[in-house]
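One-letter residues, chain by chain:
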Amino acid sequence: MSESNAEAVADVAAAAVASAAEAATEVAVGGWRRATGIAGAAVGVVAAGAAAGVAIERLTVGRGMRQKARLALDSAGPYGGLRGTPGRAHADDGTELYYEVDDVDPETESALTRRRRRLFGRKAPAPVTVVFSHGYCLNQDSWHFQRAALRGVVRTVHWDQRSHGRSARGVSQVRDDRPVTIEELGRDLKAVIDAAVPEGPIVLVGHSMGGMTVMALADAFPGLVRERVVGVALVGTSSGRLGEVNFGLPVAGVNAVRRVLPGVLKALGQRAELVEKGRRATADLFAGIIKRYSFASREVDPAVARFAERMIESTPIDVVAEYYPAFTDHDKTAALAHFAGLPLLVLAGVRDLVTPSEHSEAIADLLPEAELVLVPDAGHLVMLEHPELVTDRLADLLARVGAVPAAATVDGYGSTSTSSSAGPGRAR
């Protein structure tokens, strides 16, 4: 954000706080048409994972021009187009969870067998499987660059959390009208592992809410972690105390938004169709919000920014609402003890406004053997903003657990060319 717009940003942020309160009042008295437009800002912030406030630069390009630009980026940006072998698991409440598997290239697998045999002591060892869990209002495609780089090098599983991506709406949420819990997500991950990785060593990778899901899995199934998990990567996540995050806003603004936002979201979730029309009408506002709360550097590829925007805006408002309470309640600090002694990567963007890097530092403090990586010029979606760095650190973790040779690196950090994106990566 340019310094010349600092005052404008502060004005907009303050106005957003007032607007959120106004939206709550409108909802309470049934003024849905007016509240829809007002609440668009609040909804966009939550969809970006911020949970409070608005701060954007003043828009200087015509709306028609911006709409044309979005269409051009959608057609030119192939991000999120990688697909694997599909599968479906079922959560304990019956929710259908969609996942995809990318298998190891046969030539690469034969080269790794000797290394794995030494590490895992099996005559015919099962391959290491890396299970990726995505964050709030995203989907499995958020790992596009890492997936492209690791294809063929190591077996991977990418899945969509309940009510996200290609997974079905949460049965408990629709049938019982209850919000999602992080504990429920941990059980969902166990169901995916049972279906997609019934045997063999596992590396767990989670971003933001996905990292919380990994912690919940460890909390509920410590035996699985002890017996099968050989490495963990926690990216831009937190073990608790998310209620203290200020999202880059003044204290007074944060308190005001926290006071009204839960009620606003719950009410808006009950009028999802009407609210979605309001979101579409305020697409330009969403784009500015999403960029601010997703990225920190100025050199983000516009196609990547638009890719993130598409993922976030595809999350229905009722899903946004039913997930929101889980973050305030989340506390899995004690569960981190189950990762003690494992190769562990903790990575975060220093300028993350959603889950500040201090939360990653707190995790690393409790697990002193962990590798802590802080990326100075990065926001919340660090794996999209700095894909090479994140992929390098993941590759190093995989080398440490024997999933790839110790001296291996990976090629093609998600190149957009058809040949490199469609084919498997290579270890060298």
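Since the model is a prediction, treat every value here as computed from it, not as a measurement.

**Comments concerning the nonpolar core**
Here's step 1: In terms of nonpolar packing, the biggest core is built from 42 residues, with Val203, Val205, Phe295, Leu347, Leu384 and Leu398 touching the most fellow members.
Here's step 2: When residues of this core are assigned to their parent elements, the largest contribution, seven residues, is made by helix 13 (residues 302-313).

**Overview of helix 8 (residues 209-220)**
Here's step 1: Under the 1.5 Å per step criterion, the end-to-end length of helix 8 is 16 Å for twelve residues, consistent within 8% with the ideal 16 Å.
Here's step 2: The buried fraction of helix 8 amounts to ten of the twelve residues, a majority that puts the element mostly inside the structure.
Here's step 3: Every buried residue of helix 8 is accounted for by Met209, Gly210, Gly211, Met212, Thr213, Val214, Met215, Ala216, Leu217 and Ala218.

**Points about the packing of aromatic side chains**
Here's step 1: Counted according to the given criterion, the structure contains five aromatic pairs.
Here's step 2: On the basis of an interplanar angle of 50 degrees and a centroid distance of 5.3 Å, the ring pair of Tyr79 and Phe145 is categorised as tilted. One end of the pair, Tyr79, is in the loop between helix 3 (63-76) and strand 1 (85-90); the other, Phe145, is in helix 5 (residues 144-150), with 66 residues separating them in the sequence. With respect to class, Tyr79 is no different from Phe145; both count as buried.
Here's step 3: Their ring planes at 55 degrees and their centres at 5.0 Å tell us that Phe132 and Trp143 sit as a pair that is tilted. One end of the pair, Phe132, is in strand 3 (residues 129-133); the other, Trp143, is in the loop between strand 3 and helix 5, and eleven residues separate them in sequence.
Here's step 4: Exposure remark for Phe132: the relative accessible area of 1% places this residue in the buried category.
Here's step 5: Through a chain of ring-to-ring contacts, three or more aromatic side chains come together here, namely Tyr79, Phe145 and Phe307.
Here's step 6: Above the face of the Phe221 ring, Lys190 is positioned so that its terminal group lies 5.1 Å from the ring centre.
Here's step 7: Its end group placed over the ring of Tyr293, Arg292 keeps NZ or CZ at 5.4 Å from the ring centre.

**Topic: the pairing of strand 6 (residues 229-235)**
Here's step 1: Of all the seven residues making up strand 6, seven are buried; the element is thus mostly covered by neighbouring parts of the structure.
Here's step 2: Two elements, strand 5 (residues 202-207) and strand 6, share six bridges in a ladder whose sense is parallel. The residue of strand 6 that forms the bridge with Val205 is Ala233.

**Here's the deal with the side chain of Thr315**
Here's step 1: Mapping Thr315 onto the fold places it in the loop between helix 13 and helix 14 (317-329).
Here's step 2: A distance of 3.3 Å separates the side chain of Thr315 from the backbone oxygen of Cys137, its partner in a polar contact.

Conventions we followed
- Residues numbered from 1 in each chain as written.
- Predicted model: local features only at pLDDT ≥ 70, side-chain atom pairs only at ≥ 80, totals over all residues.
- Heavy atoms only, no water.
- Core = buried A, V, L, I, M, F, W, Y, C linked by side-chain atoms within 4.5 Å.
- Buried < 20%, exposed > 50% of the residue type's maximum accessible area, 1.4 Å probe, protein only.
- Helix = DSSP H or I, 4+ residues; strand = E, 2+ residues; numbered from the N terminus.
- Expected span 1.5 Å × (residues − 1).
- Phe/Tyr/Trp six-rings, centres within 6.5 Å; stacked < 30°, edge-to-face > 60°.
- Lys NZ or Arg CZ within 6 Å of the ring centre and 35° of its normal.
- Pairing = 2+ DSSP bridges.
- Polar contact = N/O pair within 3.5 Å; in protein donor to acceptor, adjacent residues only side chain to side chain.

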